Amino acid sequence: MRSEVRRQEWVHRRELGALPLIKAYVWVALRVGRPLMRLFLYPICLYFMLFAADARKASRAYLARVFGRPARTREVFQHFLTFAACLLDRAFLLNDQKQWFAITVHNEDLLQDIEATGGGCMLFGAHFGSFEVARTVGRQRADLPISLLMYEENAQKIREVLGAINPRLAAEVIGLGRLDSLITVADRLQRGHFIGVLADRNVDGRDLAHCPFLGAKAAFPKGPFRVAMLLQRPIVLMASVYRGGGDYEVYFEQLAPALTQRPPDMEAWIDEVMRRYVQRLEFYCRDAPFNWFNFYDFWL
């Protein structure tokens, strides 16, 4: 029970910035430019190193799992800095200022093959790297719109933030848990949308699968996988990795093909797809460890 409470603490944390402050920050960033704004990340991260004890502790615990040894202070700082850099880049990406970035896409033909079938797909990511980079890739192609499916409480917050940064993008967020959520998702899939889900967090601590992840059991929500099964569209893993500077790499991998009918053992199907998802998420965490952005006690 205590582990579930700790795992859900991120839901109830007070937001660090009010919307007027976010608007002011974005206004300054877009006018000053990315190179100068990046200089401010160092004192900001130093502040959090000194005063965000829970996040610092969570970073050390995670990095120790990835590296197989205690994390060094400079590595924790690098972890915070990577997170801050991706947050800053979101402001530029959401406003289509792509000139600052070099984005390499791997296995894009997988998406093209899915598009050729005439339907969309479920695009599963995590709080890892920058999902916004993948949406930028989608916006570069008019025929590849990407909507984001989130738990309703978080969806409301994200809509407000998107409205503050770029109002036209707020409609791309779908709240999971509303009566019309599945209808909205099914309609957008029918129109060829890709539906993005950050499938590593759960709001209420229910309907979880306990999966081996970086050497210990961690709880992952089954809900997104149930939605994908019900709608019978392909599931694709998306990992958008920040490599430093202005470089990002986006990787796409198929986790499950489109279903033609419900599987005979639905729970076994969900468990198998979740196992693949968690294994590949672990691979990318080891490949780019500072891209993991769950700054709370993730393990049971």
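The structure contained in this document is the topic of the report that follows. Predicted model only: the values in this text are computed from it and were never measured.

## A word on the overall build of the chain
- Within the chain, the regular secondary structure consists of 13 helices and nine strands.
- Scored against the burial criterion, the 300 residues of the chain give a buried share of 51%.
- Taking the intrachain contacts of the chain between residues at least 6 apart in sequence as the baseline, contacts between residues at least 24 apart amount to 74%.
- Looking at the chain as shown, the accessible area adds up to about 14,200 Å², and 57% of this sits on carbon and sulfur atoms.

## Some remarks on helix H7 (residues 73-94)
- In this model H7 runs 32 Å from its N-terminal to its C-terminal C-alpha over 22 residues, within 8% of the 32 Å that 1.5 Å per residue would give.
- Positive phi appears at aspartate 96, one or two residues downstream of H7, with a value of about 60°.

## Details of the side chain of threonine 136
- Along the chain, threonine 136 falls in helix H9 (residues 131-139).
- When its relative accessible area of 1% is taken as the criterion, threonine 136 is described as buried.
- Setting aside its immediate chain neighbours within four residues, threonine 136 contacts Leu93 and Lys98.

## Section: unusual backbone geometry
- Although it is not a glycine, aspartate 96 sits at a positive phi angle of roughly 60°.
- Looking at the element boundaries, aspartate 96 is found in the loop between H7 and strand E1 (102-106).
- The phi dihedral of aspartate 207 falls on the positive side, at around 55°, and the residue is not glycine.
- A residue is classified by how much of its surface remains accessible, and aspartate 207, at 36% relative accessible area, is partly exposed.

## Focus: the packing of aromatic side chains
- Scanning the entire structure with this criterion turns up 25 aromatic pairs.
- When the centroid spacing of 5.3 Å and the interplanar angle of 50° are considered together, the rings of phenylalanine 83 and phenylalanine 295 count as tilted. One end of the pair, phenylalanine 83, is in helix H7; the other, phenylalanine 295, is in the segment after helix H13 (266-287), with 212 residues separating them in the sequence.
- Under the relative-accessibility criterion, phenylalanine 83 is labelled partly exposed at 29%.
- Ring centres 6.0 Å apart and planes at 55° place the aromatic pair tyrosine 296 and phenylalanine 298 in the tilted group. Note on accessibility: tyrosine 296 and phenylalanine 298 belong to one class, buried.
- Here a set of aromatic residues connected by ring pairs shows up, and it is made of Tyr62, Phe124, Phe213, Phe220, Phe225, Tyr277, Trp292, Tyr296, Phe298 and Trp299.
- Seen from the ring of tryptophan 299, arginine 65 lies directly overhead, with NZ or CZ sitting 4.6 Å from the centre.

## Quick notes on empty space enclosed by the protein
- Taken as a whole and judged by the stated rule, the model has one cavity of 30 Å³ or more.
- In this model, the largest cavity occupies a volume close to 50 Å³.
- In terms of lining residues, the largest cavity is bounded by Gly125, Ala126, Phe128, Leu237, Met238, Ala239, Arg280, Leu281 and Tyr284.
- Breaking the lining of the largest cavity down by element, the ones donating at least two residues are strand E8 (235-244) and H13.
- Partitioning the lining of the largest cavity into residue classes produces seven nonpolar, one polar and one charged.

## Description of a nonpolar patch on the surface
- On the surface, Trp27, Val28, Val32, Leu36, Leu39, Phe40 and Ile44 cluster together to form a nonpolar patch covering roughly 650 Å² of accessible area.
- Counting only elements with at least two residues in the nonpolar patch, the list comes to helix H3 (19-32) and helix H4 (34-39).
- Summarising the element assignment, leucine 39 is placed in helix H4.
- Under the relative-accessibility criterion, leucine 39 is labelled exposed at 54%.

## Quick word on helix H6 (residues 53-67)
- With 15 residues, H6 should cover 21 Å at 1.5 Å per step; its first-to-last C-alpha distance of 21 Å lies within 8% of that length.
- Looking at H6, one finds that the buried residues are Ala55, Ala58, Ser59, Tyr62, Leu63 and Val66. Viewed end-on, H6 has its buried residues packed into an arc of 125°, placing them on one side of the element. Facing away from the buried side of H6 by more than 90 degrees, the exposed set consists of Asp54 and Lys57.

## Some remarks on the sheet that holds strand E4 (residues 173-176)
- Pairing within the open sheet is mixed, and its seven strands lie in the order E1-E9-E8-E2-E5-E3-E4. With one partner strand each, in any of the chains shown, E1 and E4 form the two edges of the open sheet. Geometrically, the sheet is characterised by an average inter-axis angle of 30° between neighbouring strands, direction not taken into account.
- H7 rests against E8 and strand E9 (247-256) of the sheet, and its axis sits at about 105° to E8.
- Taken strand by strand, helix H8 (residues 108-116) contacts E1, strand E2 (121-125), strand E5 (194-198), E8 and E9, and its axis lies near 50° from that of E9.

Scoring rules and cut-offs
Residues numbered from 1 in each chain as written. Predicted model: local features only at pLDDT ≥ 70, side-chain atom pairs only at ≥ 80, totals over all residues. Heavy atoms only, no water. Helix = DSSP H or I, 4+ residues; strand = E, 2+ residues; numbered from the N terminus. Buried < 20%, exposed > 50% of the residue type's maximum accessible area, 1.4 Å probe, protein only. Contact = heavy atoms within 4.5 Å. Areas by Shrake-Rupley, 256 points an atom, 1.4 Å probe, with all protein chains shown as cover. Expected span 1.5 Å × (residues − 1). Phe/Tyr/Trp six-rings, centres within 6.5 Å; stacked < 30°, edge-to-face > 60°. Lys NZ or Arg CZ within 6 Å of the ring centre and 35° of its normal. 1 Å grid on protein atoms, 1.4 Å probe; cavity = no way out; pocket = protein on both sides within 12 Å on 5 of 7 lines; lining within 4 Å. Points joined across faces, edges and corners; volume = space filled by probe spheres on them. Nonpolar A, V, L, I, M, F, W, Y, C, P; charged D, E, K, R; others polar. Patch = residues over 30% accessible without salt bridge, like charges linked within 9 Å, V, L, I, M, F, W, Y side chains within 5 Å. Salt bridge = Lys/Arg side-chain N within 4 Å of Asp/Glu carboxyl O. Arc of directions from axis to C-beta. Pairing = 2+ DSSP bridges. Axes fitted to C-alpha atoms, helices over the stretch in contact; angles between N-to-C directions.

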